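# Notes for the structure review
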Amino acid sequence: MRLAVVDTERCIGCQSCMFACSRRQQEGGLARSCLGVKSIGGMERGFMVIVCRACDNPPCAKTCPTSALTPREGGGVKVDITKCIGCGRCKDACIIGAVFWNDEINKPMICIHCGYCVKFCPHGVLKLEKTREVKH
Amino acid sequence: MINHYLPSNILHIDLSNNKFWIEKRQDLFEKYIGGTGIAIQLLQENCPKGCDPFSPENPIVFAVGPLTGLFPLASKTVAMFKSPHTGNLGESHCGGRSAVAIRMAGYGAIVIRGISNNPTYLAIHGSKVHFRDASTIWGMESIFTVGRIIRENEPGSGLRTIMRIGSAGERLVSYACVTTETYRHFGRLGLGAVFGSKKLKAVVVSGKRSLKIKDSKHYQNLYDEVYNSAVNSPVMQKYHDLGTAENILPLNELGGLPTRNLQTARFENASKISGEVLAQEYLGRRLACSHCPIGCIHIAALREPYGDERYFYKTSMICYDYEPMYALGTMLGISEPEGFLKLMDQVEKRGLDSMSTGVVLAWATEALEKGIITEKETKGIKLRWGDYKIYIEAVKLIVDKSDGFYNALAHGVEYAASKYGGKEFALSFMGNEMPGYHTGPGAHVGVFIGARHSHLDNAGYSIDQKILVNRKHTPDELVENLLKEEYWRQILSSLAVCFFARGVYIADIVLKTLQTVGYDLTENNLHKIGEEIHREKYKFKIREGFNFDDFHIPNRIFDTPTPIGEFDRDFVLNAVKIIKKKMS
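Note that this is a predicted model, so its numbers are computed, not measured.

Along its length, chain B carries 23 helices and 18 strands. Expected size for 584 residues packed as a compact globule is a radius of gyration near 25 Å; at 22 Å, chain B falls within 12% of this value. Projected onto its principal axes, the C-alpha positions of chain B cover 65 × 60 × 50 Å. Out of the 584 residues in chain B, the part that is buried amounts to 66%. Of the contacts made within chain B by residues no fewer than 6 positions apart, 68% connect residues no fewer than 24 positions apart. If you sum the accessible surface of chain B, you get close to 19,900 Å²; carbon and sulfur atoms cover 47% of it. The averaged location of the 64 negative side-chain charges in chain B is 4 Å from the averaged location of its 69 positive side-chain charges.

Right, let's get into the sheet that holds strand β14 (residues 283-287) of chain B. The strands making up a sheet associate through hydrogen bonds between their backbones, and the pairing can be parallel or antiparallel. All names here are of chain B. The three strands lie next to each other as β14-β15-β16, forming an open sheet whose pairing is antiparallel. Because the sheet does not close on itself, it has two edges, and the strands there are β14 and β16 (313-320). Geometrically, the sheet is characterised by an average inter-axis angle of 25° between neighbouring strands, direction not taken into account. Here strand β15 (residues 297-305) runs beside β16; their pairing, made up of eight bridges, is antiparallel. What sits directly across from H298, in β16, is Y320. Of the strands in this sheet, β15 and β16 touch helix α12 (residues 337-350), which is tilted by about 80° from β16.

Below, the discussion takes up unusual backbone geometry. Residue and element names in this part refer to chain B. Along the chain, L495 connects to A496 via a cis peptide bond; the corresponding omega equals -15°. With respect to the secondary-structure elements, A496 resides in the loop between α19 (475-495) and α20 (507-516). If you check the backbone angles, K401 has positive phi at about 45° while not being a glycine. Position of K401 among the secondary structure elements: in the loop between α14 (388-400) and α15 (404-409).

Our next topic: the nonpolar core. With 108 residues, the main nonpolar core has A:L126, B:F71, B:L73, B:L495, B:Y505 and B:L514 as its most contacted residues. With six residues, the top contributor of residues to this core is helix α7 (residues 216-231) of chain B. Formed jointly, this core draws a minimum of three residues from each of two domains, domain 1 (1-51 + 113-129) and domain 2 (55-110) of chain A. Ignoring any residue separated from it by four or fewer positions in sequence, one finds B:L495 in contact with B:I33, B:G65, B:P66, B:L67, B:T68, B:Y505, B:V510 and B:L514. The next biggest cluster of nonpolar side chains, apart from the first, holds 100 residues, and it includes B:I398, B:F429, B:I449 and B:I564.

The subject of this paragraph is the packing of helix α13 (residues 354-369) of chain B against helix α16 (residues 413-420) of chain B. All names here are of chain B. Running from amino to carboxyl end, α13 crosses α16 at an angle of 20°, the nearest separation of the two axes being 9 Å. One finds that α13 runs roughly parallel with respect to α16. Considering the relative orientation of α13 and α16, their crossing is right-handed. Taken together, the residues of α16 that come into contact with α13 (itself represented by V359, V360 and W363) are V413, A416, A417 and Y420.

As a further point, take the confidence of the model for chain B. Averaged over every residue, the pLDDT of chain B is 96; the share at 70 or more is 100%. As scored by the predictor, the complex reaches a pTM of 0.98 and an ipTM of 0.96.

We now examine the pattern of salt bridges. Residue and element names in this part refer to chain B. Considering all chains together, one arrives at 33 salt bridges over all chains under this definition. Between E246 and K238 there is a salt bridge, and its shortest N-O distance comes to 3.9 Å. Accessibility expressed as a relative area gives 24% for E246, which makes it partly exposed. Linking D508 and K512 is a salt bridge whose minimum nitrogen-to-oxygen distance equals 3.5 Å. You can see D508 and its partner K512 sitting in helix α20, four residues apart, about one turn around the helix. Bridged by salt links that share partners, the residues E23, R25, D27 and E45 form one connected network.

The rules we used
All residue numbers refer to positions counted from 1 along the written sequence of the respective chain. Throughout, the order in which chains and ligands are written sets their labels, letters from A for the former and numbers from 1 for the latter. Predicted model: local features are reported for residues with pLDDT of at least 70 only, side-chain atom pairs are reported and counted for 80 or more only, and whole-chain, interface and lining totals are derived from all residues. For the side-chain quantities, the full set of heavy atoms in the structure was used; hydrogens and water were omitted. The secondary structure listing takes helices from DSSP runs of H or I that are at least 4 residues long and strands from runs of E that are at least 2 residues long, numbered from the N terminus. The globule rule used for comparison is 2.2 Å times the number of residues to the exponent 0.38, while the radius of gyration itself is calculated over C-alpha atoms. Each residue's exposure class comes from its accessible area (1.4 Å probe, protein chains only) as a fraction of the maximum for that residue type: buried when under 20%, exposed when over 50%, partly exposed otherwise. Note on definitions: a residue-residue contact is assigned when non-hydrogen atoms from the two residues lie within 4.5 Å. Accessible surface is estimated by sampling points in the Shrake-Rupley manner with a 1.4 Å probe; for residues, cover comes only from the protein chains shown. In this tally, Asp and Glu contribute negative charge and Lys and Arg positive charge; neither His nor the terminal groups of the chain are included. Charge coordinates come from a single atom per side chain, which is NZ of Lys, CZ of Arg, CG of Asp or CD of Glu. At least two bridges found by DSSP between two strands is the condition for calling them paired. Helix axes are fitted only over the stretch in contact, all axes being lines through C-alpha atoms; the angle between N-to-C directions runs from 0 to 180 degrees. Residues belong to a common nonpolar core when they are buried Ala, Val, Leu, Ile, Met, Phe, Trp, Tyr or Cys residues joined through side-chain atoms within 4.5 Å. Where a domain begins and ends is set by an automatic assignment or by a domain database. Roughly parallel refers to an angle under 35 degrees, roughly antiparallel to one over 145, roughly perpendicular to one between 65 and 115, and oblique to any angle outside these ranges. Helix crossings are classified by the rotation of the near helix relative to the far one: an anticlockwise turn of less than a right angle makes the crossing left-handed, while a clockwise turn makes it right-handed. Confidence of the predictor in every single residue is expressed as pLDDT, which spans 0 to 100. For salt bridges, the criterion is a side-chain nitrogen of Lys or Arg within 4 Å of an Asp or Glu carboxyl oxygen.

Written as structure tokens, this is what we have:
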């Protein structure tokens, strides 16, 4: 299963998804959030919704020097936080900015594609899909 | 009480000395919850008695609540300051990303005092506070450009608020607003002018923290309950669908829609500028404040040709809501949606409170019509109902304070009428221009006795429409009903949740959500706290010279019939007497 963005134009910027992600991890606030919603240079232009695309051959894992990140079956990565040294290479390797950083613990925050956030998107911006729908 | 759930850190900033420090005030949050409750305490502590609103001593207090960043719809920041518009308690609420950003930066409140030597903007990123030189953006014509520049200059995209003022604030127009995220405002009572007096162009706040909760499973379940009740509520759906603009037609039908300076309460062209028309013809996008799944913010897309070249267009994205549509629409007799939107855009660009601006322009139009002023005063500007182009020019002259007359308008309608006459149709209550409800005594008395003279203090318009249409109230009964609502709203604004979510945050939910952050309260406790906060606000007002015996009542509100018939001056005076007795 993989988290996907259906249509960013439907996004009203409420960020309920970001709070949901933290809540799934037994916290309030936003430090642990693994997805991001921000305006495209001003609210009048709408929003970008940044989520992990579950790459087949994820650059973030390739660059991890301690194998804290390993490719996950079906795409994306698994994070073994005990192995992570907080170097931040994974964050730099993700060109869409989907490796979020938790400054409080100095570790990456990466989506596990659980779909908890989807339940809290009031306008159908996000969905959980079985396989990648590749559009040519 | 277990205290590490509360946002007890107060960030103090001294603009005169470029200093900042943090004060722990768990005591305030324990006793007064947050938002309004703690803001009035911080105001009393930090604002010296009798201080000039434009002096360095006048503090700006921003406060959020213990639910901010934890529960949906806890999306508001409360600002308190001494108002340059009324010379008394200034309280204004704003959403956008402001509340979540302040909490995520690690604070429950921010107190700003002093006056900067040079134009400055503050950049607060978590525990770091930067005093940035804003000389380059001071005097810039458009507040939109200011927002763009700061956006490019600061980190924290998606996690920040950018509160800024326009030229109205810089030039100390007493009803200048502070704008956040382009479309939300600390609109009323002149916070923008207080920013301007401090040479403070903007405040950026960002952060990304974790918040602890007592019992995560319980928290998740309770969150779901609140969230589902919000997204499934028909009332909240109304705010999402047409938004507050939905009010135009029913209020007009009722005969409670102030039109042409309240010479009538029905607008013959209401159907041309209704919420329905704006949605069908212009609605381009809907937005939400941070942590609000509803999204009541409605943005119109206005496409217009430049005119000097073929196929050369611009598209402006302009926010609309009921109150600006009343003030800059029906109150000025404007029946073209495009005209209203263009005027709104100008008011936004300069950073004025749209409500006060509309009422001021309406008074000036009637004064000119009646010959109380002439074109000599207006500098040849022929103010005329419905002529939005002329109103756009007048807005520029007000912000420029270009001469005696426009300088008077820049101080509000009560001040202007005291200079030029026409008091009987100067529609302000206790110094603040009227909101868009002529529904009956509930609306007007509510604004007179409300602690911040806002229709949102106690929703008197709702009492008119729900109760008084069926049976009359004595002044005693009315005041009792208004106060009951106003006490409860102190709790809501201390949490600080959006008033639109008042149907979601009923007492039971308030108690349960507060439990998750360590409060152990009963409903009775809540009512007592609400009453006490209200009393504290009045204490400040009385300390600052608020006078129950000497105030202006425009005759116009008695002359134009309301949907529930007539009421008179004595009714208002009696109501004020009752509140005076209660508050003394």
